[in-house]
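Structure assessment
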Amino acid sequence: MSIATVNPANGETLKTYEAMGEEELERRLQLAQATFRTYRTTAFAERARLMNQAADLLDEDQGEVARVMTTEMGKPVKQARAEAAKCAKAMRWYAEHAEELLADEEPAADDVKDSGASRALVRYRPLGPVLAVMPWNFPLWQVVRFAAPALMAGNVGLLKHASNVPQTALYLEDLFHRAGFPEGCFQTLLIGSGAVDDILRDERVKAATLTGSEPAGRAVASTAGEMIKKTVLELGGSDPFVVMPSADLDRAAEVAVTARVQNTGQSCIAAKRFIVHTDVYDAFAERFVAGMKALKVGDPMREDTEVGPLSSERGRADLEELVEDAKRSGASVLCGGERPDRPGWYYPPTVLAGITREMRVHREEAFGPVATLYRAADLDEAVLIANDSPFGLSSNVWTRDESEVDRFVRDLEAGGVYINGMTASHPAFPFGGVKRSGYGRELSGHGIREFCNITTVWHGA
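The text that follows walks through the structure, step by step, so that each part is easy to find. (Residues numbered from 1 in each chain as written. Predicted model: local features only at pLDDT ≥ 70, side-chain atom pairs only at ≥ 80, totals over all residues. Heavy atoms only, no water.)

**Topic: the side chain of E450**
So the rule is basically this: The helix and strand labels rest on DSSP assignments: H or I over at least four residues marks a helix, E over at least two residues marks a strand, and numbering proceeds from the N terminus. Between buried and exposed lies partly exposed: a residue is buried under 20% and exposed over 50% of the maximum accessible area for its type, with that area taken using a 1.4 Å probe on protein chains only.
Looking at the secondary structure, you find E450 in the loop between α16 (444–449) and β19 (452–460). E450 gets classed as buried once you look at its relative accessible area, which sits at 13%.

Pasting the structure below:
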């Protein structure tokens, strides 16, 4: 498998890398195991000092690492800088809160007495080396939101990044090294996906986290299950964006455009299915389509670019197949829908209407700037359409009616419900999904505890 930087804006291969051999992988696994033995005993204050230093370095490197990300996977450089800033924020958040989140917990005194103990507590202890299999779409953020809590908990990290972002992957290892973390705390493994299975089977690797496709998640979960190892999976998403009659339509349509095309639409939590009450469908559709048409598509290195190229030629072909299937089955193209005649892997912002359950785009994730519009007769139908998906990552609801809010929060099958706003991840809030969107949670206290040994400590009377 090729490990290379290929500029999606023009298809040019800029750098290639040899996959690590067995000898180098063995050296790194040994180092991870040895480092964990001592790093796990470091004080929270020391871990926080190192994490804050990493955040400071990332702030200094923001412009440089943003250009690297844009060169490797095509996100507009302005968005890449924002991603780097978000990572530094998350590092500082965990540096500040990790000790509190992992503090010993004391059961109720009556329960302690009833158990026959003089004292009892629950302690969170690190597991060991954790393998992270990460995607290209947010090549810095996806890794940091694992690495910051894992390292603050006392674990060490082994990163298998997507093969099209090797420079970003190597930068992350160098970042933690420059911050002063002990050698072996965070290592990048330049390997193809075929090598993941053997590493996950290694007894020195204690757990795994994966963000990526459903097939990749199934493969990792299968091996981890066989080896009885903890996993966290964040897989695909086809998030609904529901608009009810009481919504602020101008604001809803404006946010809908951003929610669909953030990161050129290559985001698991991007809104993809826009479900609009029939009373406001035409008004919303007019505003939404106008907003999608107005987006500036172009060179991702330009500051005014809002939509860049897709990350790969294969990714664009997959998106085109979904659109063409919908068109053949009767969908209306309200804007876009045709590949532009220009170098690079560009695809225009596209809105499809008249979607039916037989169309692939109804049940598959459109990973690019393609939106689908649905008309709902009432709240019940809106919920029915929203839940008619194999995915359940997040959701967006626009309404000023509190009774409707209560219904959506109760009934939507998703890991998040965002009212009058778009889904976004924040270090203080748990992130993850249900159904085929995966299991487990990242971020917040829930995320840092995922890779801890939750230990009962009991003292006899």
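Now, onward.
**Quick look at the pairing of strand β2 (residues 12–17)**
In summary, the side chains of a regular strand alternate between the two faces of the sheet. Test applied: Between any two strands, at least two bridges found by DSSP are needed for them to pair.
Of the pairings in the sheet, the one linking strand β1 (residues 3–7) to β2 comprises five bridges and is antiparallel in character. Looking across to β2, one finds that N7 is bridged to E12. Counting the residues between successive antiparallel strands, the hairpin from β1 to β2 contains four residues, one of them, G11, with a positive phi of roughly 80 degrees.

**With respect to the pattern of salt bridges**
One side chain can pair with another of opposite charge once the charged atoms of both are near each other. What counts here: Whenever a carboxyl oxygen of Asp or Glu lies within 4 Å of a side-chain nitrogen of Lys or Arg, that contact is scored as a salt bridge.
Scanning the entire structure with this criterion turns up 37 salt bridges. Salt-bridge contacts for R314 lead to D318; the nearest nitrogen and oxygen are separated by 2.7 Å. Of this pair, R314 and D318 are both found in helix α12 (residues 313–328), four residues apart, which corresponds to roughly one turn of the helix. Note on D318: relative accessible area 35%, which makes it partly exposed. Counted as one network, the salt bridges with shared partners bring together E24, R27, R28 and E173.

**What to know about helix α15 (residues 402–411)**
Which entries qualify depends on this criterion: Throughout, the arc means that of the directions going from the helix axis to the C-beta atoms.
When α15 is considered as a whole, its buried residues turn out to be E404, V405 and F408. Along α15, the residues classed as buried sweep out an arc of 105 degrees about the axis, all on the same side. Turned more than 90 degrees from where α15 packs its buried face, E402, D406 and R410 sit exposed.

**Some words on the environment of T71**
Mapped onto the fold, T71 is located in helix α3 (residues 62–73). For the pair T71 and N7, spaced 64 residues apart in the sequence, the C-alpha separation amounts to 5.3 Å.

**A short note on helix α11 (residues 281–293)**
One full turn of an α-helix is made of 3.6 residues, so residues set three or four places apart face in the same direction. Here is the rule we go by: To estimate the expected span of a helix, subtract one from its residue number and multiply by 1.5 Å. Here a residue-residue contact requires only that any non-hydrogen atoms of the pair lie within 4.5 Å.
In this model α11 runs 18 Å from its N-terminal to its C-terminal C-alpha over 13 residues, within 8% of the 18 Å that 1.5 Å per residue would give. On its buried face, α11 is in contact with β9 (239–243), α10 (249–261), β10 (271–277), β11 (332–335), β12 (350–353) and β13 (370–376).

**Describing the sheet that holds strand β4 (residues 129–133)**
Just so we agree on the cut-off: All axes here are fitted lines through C-alpha atoms, helices being fitted over the stretch that makes contact, and every angle between N-to-C directions spans 0 to 180 degrees.
Spatial ordering of the open sheet is given by β6-β5-β4-β7-β8-β18, a layout of six strands whose pairing is mixed. Edge strands, defined here as strands with exactly one partner in the open sheet, are β6 (186–188) and β18 (438–439). One ladder, built from five bridges, connects strand β7 (residues 207–211) with strand β8 (residues 230–234); its direction is parallel. Paired with T211 across the bridge in β8 is E234. Against the sheet, helix α1 (residues 22–39) touches β4, β5 (156–160) and β6, its axis set at about 155 degrees to β5.

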